[in-house]
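Structural description and commentary
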Amino acid sequence: MRLLLAAALALLATPLLAADPAPEKPGAPKADIALPPLPADRSIRQSAVIAGKTIAYQTTIGAIPVTDDKGKRIGEVIYTAYTVPGANRPVTFAFNGGPGAASAYLNFGAIGPKRVQFGAEGNAPSDPARPGDNPDSWLDFTDLVFIDPIGTGFSRSLEDEAGTKRDFYTAKADIEYLGRVVFDWLVGNKRMTAPKYIIGESYGGFRVPRLAYYMQSRLGLGPAGIIMVSPYLNPQAIDDDENALSPLPYMVSLPSMTAAFLERQGKLAGPQSLADVEAYTRGEFATDLFRGRADPQAVQRLAARVSAYTGLDPALVRRLEGRIGVRTYLREIHREEGKIGSVYDSNVTGYDPFPAAVEQRSGDPILDASMAPVTGAAVDLITNQVGYKVDARYNLLSYTVNRLWDRDNSDASVADLRRAVAADPRMAVIIAHGMDDLSCPYFASRLIVDQMPSFGQPERIHLALFAGGHMFYSRPASGAAFRRTAMAIYAR
């Protein structure tokens, strides 16, 4: 989940660290802050029907300590692992984004063995948090390890705020300690020789290319494949409020606005339905944006074409000179209904509690509706089913982590993606997007992939588009198609 748009943050501010003192375990390296000890790792046997077959598996909840270069314990990372008996099975490490999101969205929405419904029109916070079997889980062809970074889920820092920010809440520190967590899990579970994959959603998609290259070049771990789900690859191309000159934010958003409009009309047959708007966006749209108000005819062309592609009032588009920001679109497209669209899927709506306000004064419809059932499902699995009792609050989405994060809006993720692919001719890459997503629009990734070298063969980096938004996998047909796309790189 990407939490960088402030109006989409429907989160409760929480303390960064607990402060209940407790004695250290004998022999444990001392930490700055003493917290109640975490329980020992726990495992149970479970089963699920996946792709029509019953799969028996072991669920393990455990903690991996994080130490600094002097051996002092500075944090503890909680993971949820699903493993199936079998020789040399692949293992996939999963991360959500934010920064500040636990891995439960990918776990209970996309690839884990159990699934809870969220992300669709009509979902509500009071929906039951009772997961059912996930027919589109990946567990039948790879073991799965879901990792909650420090400050999310039950994972915790053992340092004060300054130390926590320095050691965990920067892009560089993030990949270094999480890379070590992956390494330590592999060693502890005797899986160093297994094929290794990593998947990241949203900011997790910014994280995993850098993590892949760090694993290759610093840890001696060679990922066989990386999967980016709705990735936040190019921050500068997305945040229209922070770009006064660049046309990129308007360019990358227009195809997704068009996809949503076509879907509302029942005319979105697939990625091929967007070929026309993509061609317009690369050409005449960009040219006319640069011409600006100095060319009245350019403004007239923009108003006509953009209103036709998006369904917005031509007078509004003309007044805005063809520059439709995401927030404007989400309010205006549903204004007559008294509703507002989700930045994660503009066709998922909620009632606008302040329709006369100049700016949005409500949370995001998808985040508001998904927070409770996903949290309930995750906490019930960890504390009740597995019996891993933690004296702390579970943070599905942490506003504190997001606020403290030292942002890196460079192209480091794209650069490391190039390096990682160049270093390993066997490594496969999938970038998966929902066509309706406006938080991380697919066209930003399209432009990035089109600028990549060929690396000796076509489609080394495969861009896959699906019906839906940021959490496109919440739609059954898209979840099944995503599974089929992923299976191809595991079966090589």
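What you see is a predicted model, and the numbers here were worked out from it, not measured in a lab.

**What about the overall build of the protein?**
In terms of helices and strands, the protein carries 14 helices and 14 strands. Over its C-alpha trace the protein gives a radius of gyration of 22 Å, about what one expects of a compact globule, namely 23 Å for 492 residues. Referenced to the eigenvectors of the C-alpha coordinate spread, the extents of the protein come out at roughly 75 × 50 × 45 Å. Split into buried and exposed, the 492 residues of the protein put 60% on the buried side. Within the protein, contacts between residues at least 6 apart in sequence are counted, and of these 71% link residues at least 24 apart. For the protein, the accessible area works out to roughly 19400 Å², and carbon and sulfur atoms hold 52% of it. Averaging the coordinates of the 52 positive side-chain charges in the protein and doing the same for the 53 negative ones gives two points 4 Å apart.

**Here we look at the pairing of strand S14 (residues 461-466)**
Extensive coverage of S14 is indicated by the burial of five of its six residues. Traced from strand S13 (residues 428-434) through helix H13 (residues 442-450) to S14, the parallel crossover comes out right-handed.

**Focus on unusual backbone geometry**
Residues apart from glycine generally show negative phi values, whereas peptide bonds are mostly found in trans. Of note, the bond from Gly98 into Pro99 is cis; its omega dihedral lies within 30 degrees of zero at -5°. Relative to the helices and strands, Pro99 is located in the loop between strand S4 (91-95) and helix H1 (104-111). Its identity is not glycine, yet Lys190 carries a phi of approximately 55°, on the positive side. Relative to the assigned elements, Lys190 resides in the loop between helix H3 (171-188) and strand S9 (196-201). Looking at Lys190, the relative accessible area reads 76%, which means it is exposed.

**Points about the packing of aromatic side chains**
Inspection of every chain in the model, using the stated rule, returns 21 aromatic pairs. Measuring from centroid to centroid gives 5.6 Å for Tyr203 and Trp405, while their planes differ by 80°, and the two rings are edge-to-face. Placement of Tyr203 in helix H4 (residues 203-219) and of Trp405 in the loop between helix H11 (399-404) and helix H12 (412-423) is noted, with a sequence separation of 202 residues between them. Accessibility assignment for this pair places Tyr203 and Trp405 in one class, buried. Among the aromatic side chains, those forming a connected cluster through ring pairs are Trp138, Phe141, Tyr197, Phe466, Phe472, Tyr473, Phe482 and Tyr490. Just above the ring of Tyr280 sits the side chain of Arg305; from NZ or CZ to the centre is 4.2 Å. In this arrangement the basic side chain of Lys339 is found over the ring face of Tyr351, its NZ or CZ atom lying 5.0 Å from the centre.

**Observations regarding the confidence of the model for the protein**
Residue-level pLDDT values for the protein average 90, and 92% of them are 70 or greater. Taken as a whole, residues 3-24 scores under 50 in pLDDT and shows 70 contacts with residues more than four places along the chain or in a different chain.

**Some thoughts on the pairing of S4**
In terms of burial, S4 is largely enclosed, as five of its five residues are buried. Burial along S4 is two-sided: the face carrying Val91, Phe93 and Phe95 and the face carrying Thr92 and Ala94 are both buried. In the sheet, S4 pairs with strand S7 (residues 143-148) via four bridges, with the strands oriented parallel. Within S7, the residue paired with Val91 across the bridge is Asp143. Note that S4 and S9 share five bridges and pair parallel. Looking across to S9, one finds that Phe93 is bridged to Ile198.

Cut-offs and rules
Residues numbered from 1 in each chain as written. Predicted model: local features only at pLDDT ≥ 70, side-chain atom pairs only at ≥ 80, totals over all residues. Heavy atoms only, no water. Helix = DSSP H or I, 4+ residues; strand = E, 2+ residues; numbered from the N terminus. Rg over C-alpha atoms; globule rule 2.2 N^0.38 Å. Buried < 20%, exposed > 50% of the residue type's maximum accessible area, 1.4 Å probe, protein only. Contact = heavy atoms within 4.5 Å. Areas by Shrake-Rupley, 256 points an atom, 1.4 Å probe, with all protein chains shown as cover. Lys, Arg positive; Asp, Glu negative; His and termini not counted. Charge placed at Lys NZ, Arg CZ, Asp CG, Glu CD. Right-handed = clockwise from strand over helix to strand, strands pointing away. Phe/Tyr/Trp six-rings, centres within 6.5 Å; stacked < 30°, edge-to-face > 60°. Lys NZ or Arg CZ within 6 Å of the ring centre and 35° of its normal. pLDDT = per-residue confidence, 0-100. Pairing = 2+ DSSP bridges.

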